[in-house]
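Understanding the architecture of this molecule
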Amino acid sequence: MIMESHWRHIKVDYLTHFSKPRVDLLIWILVIKLAPTYYKKINLLLNDSGRFRELSSWRKEFKQDWLRAINTPITIPLNPKYQPDPHHWVCTCPHFVKSRFLICKHLVQNVHPVAPTFFLEVQRNRTTPFWMHPSLIPLDSCPPHVTTPTWTHASEQGRVSEGEIRSDDEISGDDAEEDLVDTFSRQLDTRTFQERMLTHIKNIRDFCDGLEYQIQFNDYRMLTTLERNDSSFLRLADSCLDRERRENSSRTRSPTTWEKESANAMFYRARTRSQSCST
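Only a predicted model underlies this, so the values are computations on that prediction, with no experimental measurement involved.

Rules used in this analysis
- Residues numbered from 1 in each chain as written.
- Predicted model: local features only at pLDDT ≥ 70, side-chain atom pairs only at ≥ 80, totals over all residues.
- Heavy atoms only, no water.
- Phe/Tyr/Trp six-rings, centres within 6.5 Å; stacked < 30°, edge-to-face > 60°.
- Helix = DSSP H or I, 4+ residues; strand = E, 2+ residues; numbered from the N terminus.
- Buried < 20%, exposed > 50% of the residue type's maximum accessible area, 1.4 Å probe, protein only.
- Salt bridge = Lys/Arg side-chain N within 4 Å of Asp/Glu carboxyl O.
- Expected span 1.5 Å × (residues − 1).
- Arc of directions from axis to C-beta.
- pLDDT = per-residue confidence, 0-100.
- Contact = heavy atoms within 4.5 Å.

Evaluation of the coordinates by the stated rule reveals 13 aromatic pairs. Residues W58 and F62 carry aromatic rings whose centres are separated by 6.2 Å and whose planes lie at 70° to one another, so their mutual orientation is edge-to-face. Here F62 and W58 lie together in helix α3 (residues 58-71), a separation of four residues that amounts to about one turn. Each member of the pair W58 and F62 is classed as buried. Centroid distance Y213 to F217: 5.4 Å. Interplanar angle 70°. Geometry classified as edge-to-face. Take F217: its relative accessible area is 47%, and that puts it in the partly exposed class. Members of the aromatic cluster, each reached through a chain of ring pairs, are W58, F62, W66, W89, F101, F118, F119 and W131.

A few words now on the pattern of salt bridges. Scanning all chains against the criterion turns up nine salt bridges. A salt bridge links R68 to D65; its shortest N-O distance comes to 2.7 Å. In this pair, R68 and D65 are both assigned in helix α3, three residues apart and thus about one turn of the helix distant. On the accessibility criterion, D65 (24% relative accessible area) is partly exposed. The closest approach of N and O atoms between D206 and K202, which form a salt bridge, is 3.1 Å.

Take helix α10 (residues 231-248) next. The first and last C-alpha atoms of α10 sit 26 Å apart over 18 residues, in line with the 26 Å expected at 1.5 Å per residue. Listed as buried for α10 are S239, C240, R243, E244, E247 and N248. Looking down the long axis of α10, one finds its buried residues gathered within 155° of arc, a one-sided arrangement. Residues of α10 that are exposed and point over 90 degrees away from its buried face: R235, D238 and R245.

Let us now look at the confidence of the model for the protein chain. The pLDDT averaged across the protein chain works out to 80; a share of 78% of its residues lies at or above 70. Predicted confidence in the protein chain is weakest over helix α7 (residues 183-188), with a mean pLDDT of 48, and strongest over helix α5 (residues 105-108), with 94. Under a pLDDT of 50 for its full length, residues 143-157 has, in the predicted model, 17 contacts with residues more than four places off or in other chains. Predicted confidence is poor over residues 167-186, with pLDDT under 50, and the contacts of this stretch with residues over four places away or in other chains come to 17 contacts.

When you line up the elements, S135 lands in the loop between β2 (131-132) and α7. Here S135 falls in the buried class, since its relative accessible area comes to 14%. Put simply, S135 and F118 are 17 residues apart on the chain and 6.7 Å apart in space, counted from C-alpha to C-alpha. The contacts of S135, once residues within four sequence positions are left out, are H112, V114, A115 and F118.

Following this line, the structure appears as structure tokens:
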């Protein structure tokens, strides 16, 4: 998460028109352009200059997500798969896992209403409980052998700093729940990556030759069938080729990692200009 934020800062602010920069240019940007900004931020955090320090931008968005979770109704009876634990601040619902702030409606509605200063003072930890503040009091009594965390008991080593939470530009919006990966079926395929990929490439090339043979018949039924049944594959091809053109172009903005328009082409490695022209 932190590394993604770091590389996004470099790519968006300094390498917008340099998709594959030379190593000397990249080193110059890191040393001359990027490093001084981090030195300045560290100096402002460590030394008291007497000026007002603006809070991190994520706190405003954290408050919006918290209020949204409070106003979201919970289906009764609760799904037995969901086991919210406000004492350790964990939940087994899918939204908690994908949440940027590790919150969900089950946890937020299982604590007493928080004070207004909660959103200005709450601290995030690297281990459970992920959020810590005196206002986070569970509705039920404290279970046995569990000590209610106090504000002064937080470990400085396990606390997340203000700037380590990503902004909304780095993460896409609320996505629908995806199906679980069938790992068992993948274990049955003993072929290597090269064998599987070459098989797909051979089938696609043979099919393209067959499609080229169909042009002489001018049959729109075949064209309609192709566009209807292979629409997802055609969109994937368009997204991959468009991403490749944008990365090799010095006039357009390079694609970002988490943009929605080319999310399905995230793992497509673009060829260089010489390679694309030769093929």
